[in-house]
Amino acid sequence: MFEKLIPELLSHKKIGVFSHIRPDGDCLGSQIALCLWLEKNGIESSAFNEDEVNKNMEWLTDFKEVQKPEFSELGDFDAFVFVDGNALHRFGDTAKQITELDKPLYMIDHHPQPEDVFKEYVSKTDASSTCELVYHLYAEHDISQINEHSAKAMYVGIVTDTGSFQFDSVKPSTMKAAASLLEYGKFTPDEVVQKIYSSKPMKQIKLLGLALETISLHENQQIATMYVTQAMFQETGTSNGDTEGFVAYPLSVDGVKACIFFREDDENRIKLSLRSQSDIDVNQWARELNGGGHKKAAGAWYEGDIEDAIKDVIKIGRQQWIND
């Protein structure tokens, strides 16, 4: 899988690794684990992200600092790797300028339809996570280079992107990778899971309570919606990062096949998170809104207010089902 990418990476002395904006467990885990792999093999690395790391993931940055990129300081890098995203705009404004530097760009990702800007890449849409792919990079090169820090970083990505091993993206190979990480990292699952899911501040619980009250069912109770507004953030003293994992709640309602979580980022811009546990393709749905992702998990943006967003997004989904 990595027979072409590994020698490309090893041919450089200094590599910048980007993870996508609004970082989640998989992009951070794969970014940090890749940086640690590069350093194990004598390559200087820097991890970049334009956004702040969520509180429940900050402990990962003890393994490798994640910096905000400054374009003026990127000229002395030999190459750049982009993880858990396959189009430069998903990594922020600085990433979109990278092509001006005329340096080789590489990518490791599991989303469909990669952008045609990468010299070499590994793209496997059937992988549970980008962290599972980075595990195979270690395994194909020298699996003994996995240590506690890199193993925990990769385990975070696998756990979060599989819904704690609940999604149908989980295959025997996923479980084997996870088991191998536990073995080489010499840690137990609770050491990671508690840090991700069991350290929620009271204000986040209050925000979840407000959000749960907004759950509505549509299309013969097969589609669920839930939302959070700026007013809710202000009332509870929370922010965007505190909604991590909220999308799982409407999807858990009995009989629901797919759901959309609407997060009001400002007065006229709404972040959409779409999830499916059926044959409904939310990637296709999101692409109608200039977004994308996977068949079972995707994201997009909507310009307008919450009320219009719910009405229009449901309408787009209804048209998709009719056409299918």
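The paragraphs below set out a description of the structure included in this document. Sequence order sets the numbering: in each chain, residues are counted from 1 along the sequence as written. In view of the model being predicted, local features appear only for residues whose pLDDT reaches at least 70, and side-chain atom pairs are presented and counted only at 80 or more, with totals across whole chains, interfaces and linings using the full set of residues. Hydrogens and waters are ignored; side-chain quantities use all the structure's heavy atoms.

Details of unusual backbone geometry
Even without being glycine, Ser164 reaches a positive phi, approximately 55°. Relative to the assigned elements, Ser164 resides in the loop between α5 (148-161) and α6 (172-185). Exposed residues in this analysis have more than 50% of their type's maximum accessible area, buried residues have under 20%, and partly exposed residues fall in between, with area computed by a 1.4 Å probe over protein chains only. Among the residues examined, Ser164 registers a relative accessible area of 34% and is labelled partly exposed. Positive phi values are uncommon outside glycine, yet Lys186 reaches one of about 55°. Along the chain, the position of Lys186 falls in the loop between α6 and α7 (189-197). Comment: elements are numbered from the N terminus, with helices defined as DSSP H or I runs of at least four residues and strands as E runs of at least two.

What about the sheet that holds strand β8 (residues 223-228)?
Hydrogen bonding along the main chain pairs the strands of a sheet, whether they run parallel or antiparallel. Should DSSP find at least two bridges between two strands, the strands are regarded as paired. The sheet built from 6 strands is open, its strands ordered β7-β8-β9-β10-β12-β11 with mixed pairing. On the outer flanks of this sheet lie β7 (216-218) and β11 (292-293), each paired with one strand and no other.

Quick word on the side chain of His111
Tracing the backbone through its elements, the reader meets His111 in the loop between β5 (105-109) and β6 (120-123). Its relative accessible area of 12% is what places His111 among the buried residues. A polar contact of 2.6 Å, which involves the side chain of His111, links it to the side chain of Asp109. Not counting the four nearest positions on each side in its chain, His111 is found in contact with Asp84, Gly85, Asn86, Ser123, Thr125, Gly293 and His294. Polar contacts here mean pairs of N or O atoms no more than 3.5 Å apart (in protein, one a potential hydrogen donor and the other a potential acceptor; neighbouring residues in sequence count only if both atoms are side-chain atoms). Here, two residues are considered to be in contact whenever any of their heavy atoms come within 4.5 Å of each other.

Remarks on the side chain of Asp242
Relative to the helices and strands, Asp242 resides in the loop between α9 (230-236) and α10 (248-251). By the counting rule applied here, Lys and Arg register as positive and Asp and Glu as negative, while His and the ends of each chain are not counted. Salt bridge, as used here, is a side-chain nitrogen of Lys or Arg placed within 4 Å of a carboxyl oxygen of Asp or Glu. Lys203 provides the closest opposite charge to the buried, salt-bridge-free Asp242, at an N-O distance of 5.0 Å. Reaching out from Asp242, the side chain makes a polar contact with the backbone nitrogen of Ser239 at a distance of 2.9 Å. Non-local contacts of Asp242, meaning those with residues more than four positions away in its chain, are made with Gln204 and Leu207.

Digging into the packing of aromatic side chains
Any pair of Phe, Tyr and Trp rings, taking the six-membered ring for Trp, is counted once the centres come within 6.5 Å. Such a pair is stacked with planes under 30 degrees apart, edge-to-face with planes over 60 apart, and tilted for the rest. Using the criterion set out here, one finds 11 aromatic pairs in the structure. Here Phe82 and Phe91 contribute two aromatic rings whose centre-to-centre distance is 5.0 Å and whose plane-to-plane angle is 70°, an arrangement assigned as edge-to-face. The same class applies to Phe82 and to Phe91, which are both buried. Their ring planes at 80° and their centres at 5.5 Å tell us that Tyr155 and Phe187 sit as a pair that is edge-to-face. Of this pair, Tyr155 sits in helix α5 while Phe187 sits in the loop between α6 and α7; the two residues are 32 residues apart in sequence, bridging distant segments of the chain. By relative accessible area, which is 5% here, Tyr155 ends up buried. Its relative accessible area of 5% is what places Phe187 among the buried residues. Members of the aromatic cluster, connected to one another through ring pairs, are Phe18, Phe48, Phe77, Phe80, Phe82, Phe91 and Phe118.

Section: α6
Multiplying one less than the number of residues by 1.5 Å gives the expected span of a helix. With 14 residues, α6 should reach 20 Å at 1.5 Å per residue; the first-to-last C-alpha distance of 20 Å fits that figure. Restricting attention to buried positions, one finds in α6 the residues Thr174, Ala177, Ala178, Ser180, Leu181 and Gly185. One side of α6 holds all its buried residues, which, seen down the axis, span an arc of 160°. In α6, the exposed residues that point more than 90 degrees away from the buried face are Pro172, Lys176 and Glu183. Backbone geometry just after α6 places Lys186 at a positive phi near 55°. Arc definition: directions from the helix axis to the C-beta atoms.

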